[in-house]
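# An overview of the molecular structure
Next come the chains, spelled out residue by residue.
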Amino acid sequence: MTLHVAPAELALEPAPLLSVTGVSRFYGARIGCTDVSFDLWPGEVLGIVGESGSGKSTLLRCLAGIDKPDEGEVLFRGGAEPLDIYSVSEQERRRLMRTAWGIVHQNPRDGLRMDVTAGGNVGERLMDRGDRHYGQIRERALDWLQRVEIAGGRIDDRPRQFSGGMQQRLQIARVLVSEPRLVFMDEPTGGLDVSVQARLLDLLRVLVRDLGLAAIIVTHDLAVARLLTDRLMVMKDGRVVEQGLTDQVLDDPHHAYTQLLTSAVLSV
Amino acid sequence: MTTMIQVENVAKTFTLHNQGGARLPVFDNVNFSVEAGEALVLAGASGAGKSSLLRILYGNYRPTAGSIHITHAGRPVDIVAAVPRTVLDIRRRTLGFVSQFLRVIPRVSALDIVRDPLLARGASPEEASTRAKAMLARLNLPERLWTLAPATFSGGEQQRVNIARSFVDPSPIMLIDEPTASLDAANRDVVVELIAEARTAGSAIVGIFHDEAVREHVATRYLDITSFRKAA
């Protein structure tokens, strides 16, 4: 009996959804992030952790098509052909971001249209993707408001009449209604009360699992990373210093910086 | 006999970078295997590294050297070298870990916690509910608690939810760390029965049990890990 099987042979899917190679972003002489490479597979949730200024948000912006890296390549396999997201036209990239990707911003005001009703905020994404039947759009918007635990009676209210936690849930509904393959989240629970965070985290956990989404989540909260992610990348000074399965990295950290991070919290 | 776990030349040393680079050698040159239908009980004094070894088998701690082949979907896969999604797939289908602690997720009911592994392996919601309820009843968890989130449960109640989750659909390999620590005698006996049933059905068991009576009921073989202790 042969004992050695390369892990790659056990691949559950034929190819990664996102392949990142050598991505770097500089601000003058200062490093934003440098030489980041990884593959993300369908249904995988990757966490990026590190303290403020470690480059995690810079990296997320490069990956999400918002900020072009100075070096490296971001390859997305959403359709028949792999797509280098920074070599296609602006128009093509925007189409991709509207249909196959979703971005959940830390501040819901950056992801919502504050002067449009809750139903309109959710329905707009469906219209972007070509849905035209008003009744069906409203019905799906209503369904999604309920999935994120916003009462259907609030469908015609505007986000500014909502609490911070409700605004964040509305933003999540707006992003997920168009059934993206890949979702980027920047500190999705930042700025919320602990009790509201718990509710949002459980909601995200269930949605990610039920929809089989791939997601990249930036957070400085290791408990959030533990609950939501399969894999972790730890960043310091713009570089990835350690990566692996989330529980490996948190329970048996090898790099000095990761050991410092995990020992600085009371309990994760 | 089917070899389910094959451990070869495993060593583990913790290096604490923020405490002057202190090195804590745990063990060296660990070699053993576990067959289907066996219950291997790890022996050795407190601090010998029994829990560390169990966590290494689960892919939670990373050994400093060596390989651990887990028979997954009929093929041996080295969990030490496997990529994260392969490790997760091994855990989902082949490798279960039973600890004495329940990781409580806000707002998720006891019943949903126990149903979860069945659903993840493709059972219908009805079947998952029926089997989950039967298991909670067998572990004497009062029915009024089933729909509540376990955050407010007692230690023993949380532990029984955790055991129900682990044994509702026993994995081909079960790693068990002190499952009876805060249980009364009646529930302890149920756990011993559950372990024996899983083993008879073909699971390979590796466990740590401080309770001597439990240990003797469960074990088919002992492994004293003190012999792997690294000379410091």
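Note: the structure precedes this text.
Small disclaimer: the values here were computed from a predicted structure and weren't measured.

### Side note on the overall build of chain A
Summing up its helical and strand segments, chain A has 10 helices and 10 strands in all. Relative to the compact-globule value of 18 Å for 268 residues, chain A shows a C-alpha radius of gyration of 19 Å, a close match. Based on the C-alpha atoms only, the size of chain A along its principal axes is roughly 55 × 55 × 45 Å. Expressed as a percentage of contacts within chain A between residues at least 6 apart in sequence, the contacts between residues at least 24 apart total 64%.

### Quick look at the sheet that holds strand E1 (residues 18-27) of chain A
Residue and element names in this part refer to chain A. In space, the 4 strands of this open sheet follow the order E2-E1-E4-E5, with antiparallel pairing throughout. Where the open sheet ends on each side, the last strands, each with one partner, are strand E2 (30-40) and strand E5 (83-84). One ladder, built from 7 bridges, connects E1 with E2; its direction is antiparallel. In the strand pairing of E2, Val20 is matched with Phe38. Against the sheet, helix H1 (residues 56-63) touches E1, E2 and strand E4 (71-76), its axis set at about 55° to E2.

### Describing the pairing of strand E3 (residues 39-43) of chain B
Residues and elements named next belong to chain B. Burial of E3 is extensive: 4 of the 5 residues sit out of reach of the surface. Inspection of the sheet shows E3 paired to strand E8 (residues 204-208) by 3 bridges, in the parallel sense. Pairing of Leu40 across the sheet is with Val206, part of E8. The sheet contact formed by E3 and strand E9 (residues 221-224) spans 4 bridges and is parallel. Within E9, the position partnered with Val41 by the bridge is Tyr222.

### Description of the interface of chain A and chain B
In this assembly, 24 residues from chain A lie in contact with 24 residues from chain B. At the level of secondary structure, the elements contributing two or more residues to the side of chain A that touches chain B comprise helix H7 (194-211), strand E10 (239-245), helix H9 (246-251) and helix H10 (256-263) of chain A. Grouping the constituent residues of the side of chain A that touches chain B by class yields 12 nonpolar, 4 polar and 8 charged.

### Focus on the environment of Gly111(A)
Residue and element names in this part refer to chain A. In this fold, Gly111 is placed in helix H3 (residues 108-111). Along the primary structure Gly111 and Gly47 are separated by 64 residues, whereas in three dimensions their C-alpha atoms are 20 Å apart. Once residues lying within four places of it in the same chain are set aside, the contact partners of Gly111 are Ile103, Val104, His105, Gln171 and Arg174.

### What to know about helix H5 (residues 134-147) of chain A
Residues and elements named next belong to chain A. Along its 14 residues, H5 runs 20 Å from first to last C-alpha, staying within 8% of the 20 Å computed at 1.5 Å per residue. Those residues of H5 that sit buried are Ile137, Ala141, Trp144 and Leu145. Taken end-on, H5 shows its buried residues confined to a sector of 105°, consistent with a single buried face. Across H5 from its buried face, at more than 90 degrees, point the exposed residues Gly135, Gln136 and Glu139. Elements in contact with the buried residues of H5: helix H4 (118-128) and helix H6 (164-176). Positive phi appears at Glu149, one or two residues downstream of H5, with a value of about 65°.

About the cut-offs
- Residues numbered from 1 in each chain as written.
- Chains lettered and ligands numbered in written order.
- Predicted model: local features only at pLDDT ≥ 70, side-chain atom pairs only at ≥ 80, totals over all residues.
- Helix = DSSP H or I, 4+ residues; strand = E, 2+ residues; numbered from the N terminus.
- Rg over C-alpha atoms; globule rule 2.2 N^0.38 Å.
- Contact = placed C-beta atoms within 7 Å.
- Pairing = 2+ DSSP bridges.
- Axes fitted to C-alpha atoms, helices over the stretch in contact; angles between N-to-C directions.
- Buried ≥ 20, exposed ≤ 12 C-beta atoms within 10 Å, placed from the backbone.
- Nonpolar A, V, L, I, M, F, W, Y, C, P; charged D, E, K, R; others polar.
- Expected span 1.5 Å × (residues − 1).
- Arc of directions from axis to C-beta.

So yeah, pure geometry; function would need other evidence.
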